[in-house]
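# Architecture at a glance
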Amino acid sequence: MGGSSLFTQTEDATMFSETINATINCNFENGWCDWGYKQNSCFNWTIGSGKTVDKTSGPIADHSTGSSNGSYAVIYGRHSRNSSCTAVFHSPNLQLPGNNVLSFWYHMNGNGIGNLKVYLVSKGTRQSLWQKSGRQSPDWLLATIPISPGSYQIEFEATAKYHYGSDLAIDDIALTRASPSSLWTTTTSSPTTLTVASLPIHCNFEDGLCGFHTDNKKFPSVSWSRKSGTESLGSYIYLRGDNTTGTGSYLSLNIDEETALSGDKANLYLPAIRTRNMTCLTFAYSLPSHTSGSLQVFETDTKTGTATLIRQVSDYHGPNWKSTFVQFLPSADPLQIVIEGSYTGEPGCIVTIDDIHLEEGICDGYVQTTTTTTTTTTRPTTPTLPAMAIRETSSCQSEHGGLLRELSCDFTSDLCSYSKIDSTVHWQRKHGAGGSRWFAKIPERNDTKSGYYLTLNMSTWKVHHGEGILKTPDISIPSVCIEFWYSMPGTTSGIKVEIETSWGHVETIWQKTGKFNYGKWSKQALVINCFDRYKASI
C-alpha cells in the first residue's frame with residue numbers, strides 16, 4: 001500500500017488530475033488505493049461496509065453509494081486498548097506545485113467518539129491542519145482543507161474515547177487544484193480605490209454595507225447580499241433572524257443554483273487599515289446546515305496583492321449564531337481584511353455573517369465599549385471568547401465569603417444540584433475506603449459530616465478506560481470560588497476542571513494526571529472570573 005513521489009516538475013493540470021486520481025482520490029471501493037496505514041499494537045484503520053456492529057455509532061452505509069455494499073475507512077473503538085491509542089493512515093509521498101484543496105467526508109456519531117486529526121508530515125515534522133473531537137452528527141459531514149505547495153505526506157489520525165459508541169469513518173477523499181482566483185497565498189483583485197480607514201470599525205448591516213465592498217467578478221453566480229428574516233430550505237427553517245436583534249439585517253451568501261459550481265466564492269472587503277498596535281477582528285457567523293459552505297479570513301498586502309489565510313470556519317455549527325475572532329499583528333503598511341464565503345454545490349448551503357467589529361487591542365473575548373465609531377455603536381450579542389480569568393488559591397474562605405449555595409455539596413444523600421453523564425465510566429457515591437487488592441486504595445473521608453464522596457466506577461476489570469463527567473448548574477455570577485477535595489492514588493489517574501460557556505466554548509482551566517499524594521486527600525481552590533453564563537465540569 002505504499003506510494004512513490006508525485007509531481008516533481010510538471011505544472012500541467014491534466015497531468016495533475018490524472019496523477020491525483022490514481023494516487024490520492026479514493027472512495028475505498030477497491031481497497032486503500034495508494035493510501036497506507038501504520039501497523040501498531042493499539043488498533044488500526046480497516047475497510048468497512050454497511051452498518052457497524054456498534055449500534056450506537058458508525059455509519060449505516062458508505063457516503064459514495066449510500067448503500068450497504070459501499071465501502072469506507074473506519075476505526076472500531078472496541079479494538080482500541082485505551083483512549084491514548086492512535087490509528088493512522090497516510091498518503092504516499094507528495095510533491096505538489098501550487099495551492100490545493102483536500103476534501104473528505106467523515107462520520108463521527110456516538111458518545112465514545114474520540115478525535116479525528118489531519119496532519120502534513122515533512123522530514124519527520126507533523127503540522128496539524130484540521131481536527132474534530134467528540135460526537136458531531138448522525139450524518140456524513142464534508143471537510144475541506146487548503147493545502148500549501150510542498151513535499152510531504154498527508155496523515156489521518158483517530159482515537160476512541162470509550163470502547164463503545166466510538167466507531168469513526170472516512171470516505172471519498174479528494175485532492176484538487178485550488179482555483180486560480182482563490183485568495184489563499186495568491187494575488188487578489190481588490191477594489192482599485194484604496195482608502196485607509198481609521199479604527200474602530202463596526203457594522204451590523206442595519207443601514208447598508210458600512211463602506212465594505214463585495215466582489216463576485218470571478219464567480220458571478222455567488223455573491224454576498226444583505227438580507228433579513230429567515231434562512232430556509234422548503235418548509236425547514238435553518239436560521240430565524242440576524243445576530244444583533246433577531247429582526248435586523250445580515251449578510252448571506254446568495255447562490256444562483258442553476259449556474260453556480262462547487263467551490264465558487266464571494267469576497268467581502270473591509271476598508272484598508274494601518275495600525276502600529278495589535279488589532280482584533282470579531283464577527284458573528286452561522287453555518288446552520290450540514291451542507292453549509294465555509295468562511296475564510298485573509299490578510300491582504302495592499303502593495304503586492306498577496307493574501308495570507310488567517311482563519312477558516314467550516315462544516316455544520318448548529319442552528320444558532322456563533323462568533324469568532326482573528327488577531328492581527330501591528331502593520332506599518334496598509335493591509336486589507338477579506339472575508340470569503342464558499343459554495344458546496346449542494347442544496348442548503350447557507351453561509352451568513354453579521355456584527356463585524358475591528359479595533360485596536362488584544363482579542364480578550366469581549367470588545368470594550370467605545371463612544372467613537374465609523375458606522376454604528378451596536379455591539380455583538382454573541383461573545384467571541386469568554387472574558388475569563390482563572391487563579392489558583394489556597395482556600396476560598398480566605399477570599400470569598402463562601403461558596404455558592406448550589407455548588408456546595410458533601411454528597412450525603414445525593415448529588416445536590418450537580419448532574420452526571422451516565423456511561424460505562426461514571427461518578428458514583430461511596431462511603432468508607434475504596435479500592436481493593438488489585439486497585440489503588442482510596443482513603444476514607446473522616447473529616448466530613450457524612451463520610452460520603454464520589455469515585456469513578458473503575459474498580460473492575462470490565463471497565464478499561466473512559467471519563468466520568470460531573471457538571472455544575474449554570475453559573476451567572478461574574479466572580480466565584482470553587483473548592484473541592486480530590487484523591488489520585490493510581491498511576492493512571494487523571495482529573496481536570498473544564499468551563500463550558502453558554503454558547504459552547506469549552507476550556508480546561510485546571511488538571512492533574514498520575515499518582516498524586518498517595519493515600520491522602522488534597523484540597524484545590526479556583527477563583528473564576530467570567531462575564532458569561534457557564535457551567536463547570538469535573
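In the block above lies the structure referred to throughout.
What this report covers is the structure whose coordinates are included nearby.

Scoring rules and cut-offs
- Residues numbered from 1 in each chain as written.
- Predicted model: local features only at pLDDT ≥ 70, side-chain atom pairs only at ≥ 80, totals over all residues.
- Heavy atoms only, no water.
- Helix = DSSP H or I, 4+ residues; strand = E, 2+ residues; numbered from the N terminus.
- Buried < 20%, exposed > 50% of the residue type's maximum accessible area, 1.4 Å probe, protein only.
- Contact = heavy atoms within 4.5 Å.
- Polar contact = N/O pair within 3.5 Å; in protein donor to acceptor, adjacent residues only side chain to side chain.
- Core = buried A, V, L, I, M, F, W, Y, C linked by side-chain atoms within 4.5 Å.
- 1 Å grid on protein atoms, 1.4 Å probe; cavity = no way out; pocket = protein on both sides within 12 Å on 5 of 7 lines; lining within 4 Å.
- Points joined across faces, edges and corners; volume = space filled by probe spheres on them.
- Nonpolar A, V, L, I, M, F, W, Y, C, P; charged D, E, K, R; others polar.
- Disulfide = S-S within 2.5 Å.
- Phe/Tyr/Trp six-rings, centres within 6.5 Å; stacked < 30°, edge-to-face > 60°.
- Lys NZ or Arg CZ within 6 Å of the ring centre and 35° of its normal.

Inspection of the secondary structure assignment puts Arg-226 in strand E15 (residues 222-228). Here Arg-226 falls in the partly exposed class, since its relative accessible area comes to 43%. Separated by 18 residues in sequence, Arg-226 and Gly-208 place their C-alpha atoms 7.5 Å apart. For Arg-226, the contacting residues outside a window of four places in its chain are Phe-205, Glu-206, Asp-207, Gly-208, Ser-249, Tyr-250 and Leu-251. Within polar-contact distance, the side chain of Arg-226 engages the backbone oxygen of Phe-205 at 2.6 Å.

With that out of the way, let us pick up the nonpolar core. Residues Trp-45, Phe-89, Leu-102, Phe-104, Leu-116, Phe-156 and Ile-173 are the most contacted members of the largest nonpolar core, which totals 35 residues. At the level of secondary structure, the elements contributing two or more residues to this core comprise strand E3 (71-75), strand E4 (87-90), strand E5 (94-96), strand E6 (100-108), strand E7 (113-122), strand E9 (141-147), strand E10 (150-160) and strand E11 (168-177). If near-sequence neighbours (up to four positions away) are discounted, Phe-104 is found in contact with Leu-116, Val-118, Trp-130, Leu-141, Leu-142, Ala-143, Ile-145, Phe-156, Ile-170, Asp-171, Asp-172 and Ile-173. Listed in part, the 32 residues of the second largest apolar core include Ile-201, Phe-205, Ile-255 and Leu-270.

The next thing to look at is empty space enclosed by the protein. For the coordinates displayed, the defined rule picks out 2 cavities of 30 Å³ or more. Size it by volume and the second largest cavity reaches roughly 40 Å³. If you trace the second largest cavity, you find it lined by Tyr-418, Thr-472, Ile-482, Val-497, Ala-536 and Ile-538. Broken down by class, the residue content of the lining of the second largest cavity amounts to 5 nonpolar, 1 polar and no charged.

Turning next to the state of the cysteines. Under the criterion given, the structure shown has 3 disulfides. Put simply, Cys-26 and Cys-33 are joined by a disulfide, and their sulfur atoms are 2.1 Å apart. Handedness of the Cys-26-Cys-33 disulfide follows from its S-S torsion of about 85°: it is right-handed. On the basis of relative accessibility, which here comes to 34%, the residue Cys-33 falls in the partly exposed class. Disulfide partner of Cys-42: Cys-85, at an S-S distance of 2.1 Å. Taking the sign of the S-S torsion, -60° for the link of Cys-42 and Cys-85, the bridge is left-handed. Of the two residues, Cys-42 is situated in the loop between strand E1 (36-37) and strand E2 (46-49) and Cys-85 in the loop between E3 and E4; the sequence distance between them amounts to 43 residues.

This part takes up the packing of aromatic side chains. Inspection of every chain in the model, using the stated rule, returns 19 aromatic pairs. Ring geometry for Phe-205 and Phe-212: centres 6.2 Å apart, planes at 80°, overall edge-to-face. Like Phe-212, Phe-205 is buried. Among the aromatic residues, those joined into a cluster by ring pairs are Phe-28, Trp-32, Trp-35, Tyr-37, Trp-45, Phe-89, Phe-104, Tyr-106, Trp-130 and Phe-156. Above the plane of the ring of Tyr-76 lies Arg-78, whose end atom (NZ or CZ) is 4.8 Å from the centre.

This next bit is on unusual backbone geometry. For the bond from Leu-199 to Pro-200, the omega torsion is 5°, close enough to zero to count as cis. Among the structural elements, Pro-200 can be located in the loop between strand E12 (196-197) and strand E13 (201-203). The backbone of Phe-28 shows a phi angle near 65°, a positive value even though the residue is not glycine. Counting through the fold element by element, Phe-28 comes out in the loop between helix H1 (13-23) and E1. What makes Phe-28 buried here is its relative accessible area of 1%. Even without a glycine there, the phi angle at Cys-210 is positive, about 60°. Within the secondary structure, Cys-210 sits in the loop between E13 and strand E14 (213-215). Residue classification places Cys-210 among the partly exposed positions, given a relative accessible area of 24%.

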